[in-house]
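Below, each chain spelled out in residue letters.
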Amino acid sequence: MNALHNVDSVRRTGWAQAWLWWRMTRPGFLLLTVVACALGTATAAACGCGLSLPLAAAATVLAVLVHATGNVFNDLHDARNGADATNTQGISPFTGGSRLIQTGQVTERETDELAKGLLILLVPAGLWLAAHIGSGKVLLLGAAGLVLAWAYSAPPLRLMSRGLGELTVALVWFLVVIGADLVQRQQWFLIPASVALNFSGLVAALLLINGFVDAKADARVGKRTLVVLLGPDRASLVYLALVVSSHLWLWISVMWLIPPAEALWGLVSAPLSLFAAALLRQNRYQPQRLRLALQLSVTAVLVHGLAMTAGFVSLSWYR
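Residues numbered from 1 in each chain as written. Predicted model: local features only at pLDDT ≥ 70, side-chain atom pairs only at ≥ 80, totals over all residues. Heavy atoms only, no water.

Participant: Lay out the pattern of salt bridges with the relevant residues and their values.
Facilitator: A complete count under the given rule lists 9 salt bridges for this structure. As a salt-bridge pair, R26 and D75 come within 3.3 Å of each other at their nearest N and O atoms. Of this pair, R26 sits in the loop between α2 (14-24) and α3 (27-46) while D75 is found in helix α4 (residues 53-80), placing the two residues 49 residues apart along the sequence. The class of D75 is buried, set by a relative accessible area of 5%. For R281, the salt bridge is made with D233, and the minimal N-O distance between the two is 3.0 Å. Here R281 is found in helix α11 (residues 270-282), whereas its partner D233 is found in helix α10 (residues 226-255), with 48 residues between them in sequence. Relative accessible area serves as the criterion here: at 29%, R281 is assigned to the partly exposed category. The network of salt bridges with shared partners includes D78, D218 and K223. (Salt bridge = Lys/Arg side-chain N within 4 Å of Asp/Glu carboxyl O. Helix = DSSP H or I, 4+ residues; strand = E, 2+ residues; numbered from the N terminus. Buried < 20%, exposed > 50% of the residue type's maximum accessible area, 1.4 Å probe, protein only.)

This is the structure in structure tokens:
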């Protein structure tokens with residue numbers, strides 16, 4: 001079988017190989033990072049700090065590359081520990097990885113090479129961006145995000161297997177939002193950190209609900225994810241707590257005059273999150289019936305981020 005894989009990999013050329021690499025990054029989820037970067041860029045522009053579209057584009061590309069690298073590493077290590085091979089009940093494309101290794105379309109070696117290739121590309125690109133804007137803070141933030149993306153699934157840390165996956169993911173997307181703002185503003189500021197908190201909370205909730213579908217397979221290979229550790233009953237309550245607290249924090253922070261009132265546009269995602277929470281609670285022991293809840297969770301994060309972005313953009317129009 002490995003010999004056949006090697007022959008196939010040699011035969012792939014041009015667009016076919018590029019398309020396969022693209023699929024290996026799980027592109028459907030990369031949109032979360034694009035929205036996070038748009039939000040961070042909008043917070044800087046709304047505060048009158050100016051807007052450089054080339055810098056925004058460069059920061060977004062780098063953040064997406066970090067996310068893609070993390071996804072490829074995740075596929076590689078879930079193949080090595082047997083989690084994805086064991087998981088025959090995944091709901092594609094939300095859970096179970098890309099499954100390109102499991103279906104024989106790529107090898108573990110090819111996946112490893114792509115992950116390392118992305119890392120090699122990221123380092124000089126990150127150094128260039130930091131040097132271009134003259135800020136070591138951007139370099140520090142990018143390095144932290146890259147380390148977390150690697151440590152999420154790679155040994156020896158394997159944070160996703162220690163009940164720390166949701167926290168790690170929340171921290172990564174928190175850094176993405178404030179990093180996009182930092183590229184424009186070139187200094188730390190409270191407003192992007194505030195809105196990053198509720199946005200990253202919803203991203204953590206998305207990862208948590210995905211874990212319900214994978215829980216049995218994860219438990220078989222010793223992955224102690226939050227759903228495995230807590231069980232479906234308590235984990236479903238944690239999901240509800242995450243989505244409620246994320247939206248509640250947005251409302252409280254505006255009442256405290258941290259972000260402007262226009263950030264409240266993000267509350268439009270609350271019905272989507274609450275509906276997903278209700279479906280999760282109802283079907284917590286029947287994960288195969290969670291497709292709609294998964295779709296609602298993804299949509300809620302995107303709508304939340306885009307609505308806040310639109311609110312901040314509306315402010316910048318009047319400056």
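Participant: Residue-level account of the side chain of S236, with values.
Facilitator: By the secondary structure assignment, S236 is in helix α10. Beyond its immediate stretch of four places on either side in the chain, S236 contacts F212, L280, R281 and R284. (Contact = heavy atoms within 4.5 Å.)

Participant: An account of the nonpolar core is requested, with residue identities and associated values reported.
Facilitator: Counting 89 residues, the largest nonpolar core has L129, W173, F199, Y239 and F312 as its most contacted members. Sequence-distant contacts of L129, that is, excluding residues within four places in its chain, are made with L55, A58, A59, L62, V138 and V183. (Core = buried A, V, L, I, M, F, W, Y, C linked by side-chain atoms within 4.5 Å.)

Participant: Describe a nonpolar patch on the surface, with residues and values.
Facilitator: Together, L237, L240, V244, L248, W251, M255, W256 and L274 make up an exposed nonpolar region whose accessible area comes to about 780 Å². Here the nonpolar patch gets 6 residues from one element, more than from any other, and that element is α10. Examined against the element boundaries, W251 turns out to sit in helix α10. (Patch = residues over 30% accessible without salt bridge, like charges linked within 9 Å, V, L, I, M, F, W, Y side chains within 5 Å. Areas by Shrake-Rupley, 256 points an atom, 1.4 Å probe, with all protein chains shown as cover.)

Participant: Hey, could you go over α4 for me, with residue numbers and the actual values?
Facilitator: The terminal C-alpha atoms of α4, which comprises 28 residues, lie 41 Å apart, in line with the 40 Å expected from a rise of 1.5 Å per residue. Counting buried positions along α4 yields 23 of 28 residues, so the element is predominantly enclosed. Just beyond α4, the residue with positive phi is G82, at close to 85°. (Expected span 1.5 Å × (residues − 1).)

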